[in-house]
Amino acid sequence: MKHFTIIAALWLVCSSFTVHLMGDSTMAEKDLSGGNPERGWGMMFQNFLDGGVKVVNYAKNGQSTKSFIDQGRWGMVYDAIQPGDYVFIQFGHNDSKESDPARYADPWGAYQDNLRLFIDKTREKGGIPVLLTPVARRWFKENGLDRNCHKDYPAAMKEVAEEQGVTLLDVTTATLDWLESLGDEASKQYFMISTGKDDNTHTVACGARKVTEIVCRLIENQIPQIAEHLQRYDIVISADGHGDYMTVQEGIDACPDYSHSQITRIFIRKGVYKEEVVIPHNKFRLYIKGEDALETVITYDKYAKAMWPGRDFAIGTSGSASIYIHASYITFEDITFENSAGEGKDIAQAVAVFTDGDFLFFNRCRFIGNQDTLYTYGRYGKDGGIKRNYYKDCYIEGTTDFIFGPSICYFENCRIHSKKNSYVTAASTLKGQKYGYVFKNCRLTADPGIDKCYLGRPWGAYAKTVFIDCELGSHILPEGWHDWEKEGKPNTKKNSYYAEYGSTGPGARGPRVKWAHTLKARDLKNYTFEKVMFQQQDGIIWNPYDNR
C-alpha cells in the first residue's frame, strides 16, 4: 500500500499542469466588495477541474490583445509558463474599439499579429497555446439575436488558429447557440441586465457557470489531456465568490426538493463558513464534498446554556448544533464540522453535528467540539423509523459524552480523541434495537495529561456499544465502562450491552467491569458493516458509495 501511495503521488506530480487564462472582463476576476454580483467565467473554471490542474487567471477588465501586451500582463504570463502548461487566449470585446487607440487592434492586422506573438512565445517556453473566440454578447433585436456581435474578430482568430495549427475553442458560436435557444427574456437572468444595469455583456454567477460549462464541453471534445481532469458539481459554494453561492445554506436551499433518483453533487471550496446550516427532510440525496478537510470548515457557536433571543428559556442541547441533518441519503466528504462555543459550566453542551436522517455517510470528515460534539439524534426511530450513520476515516474530538444518541452508527478507521477526563460515548439505543454503536479498527487518543476516560456510559438504559480491533490509549480506564444508573434509569448494567474484541494498546488492560462482554471470533460475523446496516424492517441493502 505504501509503494502504491508513492507511485500515485508521483503520477499526480508528473501529470499536473497549469492553465493560464488571458482575456478580458468576461473571463476576469471581479472585486466583490459591496456585494457586486458580476462574475467572469475564469472565476468558475477551477471548480470544473480536479487537483491535477491549477488555474491562474490573468484576465482583466477592459483588456485587448494590445493593452494586455502594453500593460505588461503578457510578460507576467510568459514568465510563469512551464513546459506542458496550457495558455488560453480569449480576446475580441475590446480590440474592436476603434475610438480607443490604447486598445484597438485591427482584426486582420494587429489583432492577428498579437495572437501569433502569444502562440510563438508560448511554444518557445514549452507551453501549449489554445485560442478561444470571445463570449457572445446578449444582443437581441427585433428580428432576433445579433449573431454578428463580434464582427470579424472570431473569423480572424479562426484563420490564425488554422495557419498556426492551434486548437481553437469556438466559444462565440457555442454561446450564441445557447442564447438563441433561450430567447430574450429567459437569457436575461444570466447577465448583469438582471440586476438593473444596462449590461448584456457581463455575467452574474449563474451565467459565468453556464459559460464555463460551454467551455468545458468544447474541451471535452478537443483537448483530451485537460478533459481527463474535468469534474462536475451541480452546485459550488465558495466563500470568496468563486462559486454559485457564498454560503452553505444558500447552496442547500438551491437543491431540488424530493429528488427520488438523482443525486445533487455539491462542492465546497476551502474557507471558514460561520453559519448555522439546516438540511431539511425534503433535500435528500446529496453528495457534499469539501475541497480539503482541514481547510473547509462549517462552524457556529451556539450552546445549551444560551437563551433563545427574546425568550426566557435556554437553547438546550438539541438547539445548540452547528449543522442539522434531517434529510436521508446524504454523503459528506472532506469537511470539518465545528462548534466553536468553547467549554465550561456556562456553556455546557455544544453540538457540532446533529444527525436525524437515515443512510448518512461521513467520509474523511472532522468533528470538532467539546461536550456533546456529535449527536446521533435519530429521534423518530421511536416511531418505527431507523436512522443509520456510517463514519469512515473520520476524526472526532470532545470532552464529555462527545458521541451520543440513539442512531445505529458504524465507525471505521476513525480517530476518537478525548480532551478531558470523562466519557467517550453515551449511546441511547432504543429498546429492542439490535445495534447501537460499532467501532471497527479505530484509534482512541487523548490530550496530554488525560488519563481517566471511560469507553462509554448508557444515556438510555438499553445502550449498545461495541469496539472491535481498536487501539486504546492509556487514558482509557481499566474498568472500561460506567453504568450511569440513576433515578428513572434503573438496571443499566442488565439492559445495556457493552463489548470488545481484539482491543490493543495500554487502554486494553483490565479487568473490565463484570457486566461487560468479550466477543468471540465467531461473533464477528454479526458486526460487519452489511449486518449492522441491514434492518429487517425495511430490507434495504445500503451501498454508501452510491448513496441513493
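This text follows the structure it describes.
Below is a summary of the structure that appears in this document. Every value quoted in this text rests on a predicted model; they were computed, and no experiment measured them.

**Comments concerning the sheet that holds strand β13 (residues 277-279)**
Consideration 1: Spatially, 7 strands are ordered β13-β16-β19-β22-β25-β28-β31 in an open sheet, and the strand pairing comes out parallel. On the outer flanks of this sheet lie β13 and β31 (454-456), each paired with one strand and no other.
Consideration 2: Where strand β22 (residues 374-375) lies against strand β25 (residues 403-405), 2 bridges are found, and the strand directions are parallel. Bridge pairing in β25 links leucine 374 to isoleucine 403.

**Side note on the packing of helix α6 (residues 171-182) against helix α8 (residues 205-222)**
Consideration 1: Across the interface, α6 lies against α8 with an axial gap of 10 Å and an inter-helix angle of 130°. Accordingly, the angle class assigned to the pair α6 and α8 is oblique. Between α6 and α8 the crossing geometry is right-handed. Only Lys210, Val211, Ile214, Val215 and Leu218 of α8 make contact with α6, whose side of the interface consists of Val171, Ala174, Thr175 and Trp178.

**Notes on helix α3 (residues 73-80)**
Consideration 1: Buried residues of α3: Arg73, Trp74 and Val77, and no others. One side of α3 holds all its buried residues, which, seen down the axis, span an arc of 100°.
Consideration 2: Buried residues along α3 sit in contact with β1 (17-23), α2 (65-70), β4 (86-90) and α4 (110-124).

**Quick word on the pairing of strand β12 (residues 271-274)**
Consideration 1: A one-sided burial pattern is seen for β12, the buried positions being Gly271 and Tyr273 and the unburied ones Val272 and Lys274.
Consideration 2: In this sheet, strand β15 (residues 296-300) lies alongside β12 in parallel orientation, the contact comprising 4 bridges. Bridge pairing in β15 places glycine 271 opposite threonine 296.

**Structural notes on unusual backbone geometry**
Consideration 1: Between glycine 510 and proline 511 the backbone carries a cis peptide bond, its omega angle lying at 5°.
Consideration 2: Relative to the elements of secondary structure, proline 511 occurs in the loop between β34 (497-501) and β35 (517-518).
Consideration 3: Its identity as a non-glycine residue notwithstanding, aspartate 372 has a phi of 60°, on the positive side.
Consideration 4: Looking at where aspartate 372 falls in the secondary structure, it is placed in the loop between β21 (366-368) and β22.
Consideration 5: You will see that aspartate 401, though not glycine, has its phi angle at about 50°, which is positive.

Conventions and cut-offs
- Residues numbered from 1 in each chain as written.
- Predicted model: local features only at pLDDT ≥ 70, side-chain atom pairs only at ≥ 80, totals over all residues.
- Heavy atoms only, no water.
- Pairing = 2+ DSSP bridges.
- Helix = DSSP H or I, 4+ residues; strand = E, 2+ residues; numbered from the N terminus.
- Axes fitted to C-alpha atoms, helices over the stretch in contact; angles between N-to-C directions.
- Parallel < 35°, antiparallel > 145°, perpendicular 65-115°, else oblique.
- Left-handed = near helix turned anticlockwise from the far one by under 90°.
- Contact = heavy atoms within 4.5 Å.
- Buried < 20%, exposed > 50% of the residue type's maximum accessible area, 1.4 Å probe, protein only.
- Arc of directions from axis to C-beta.

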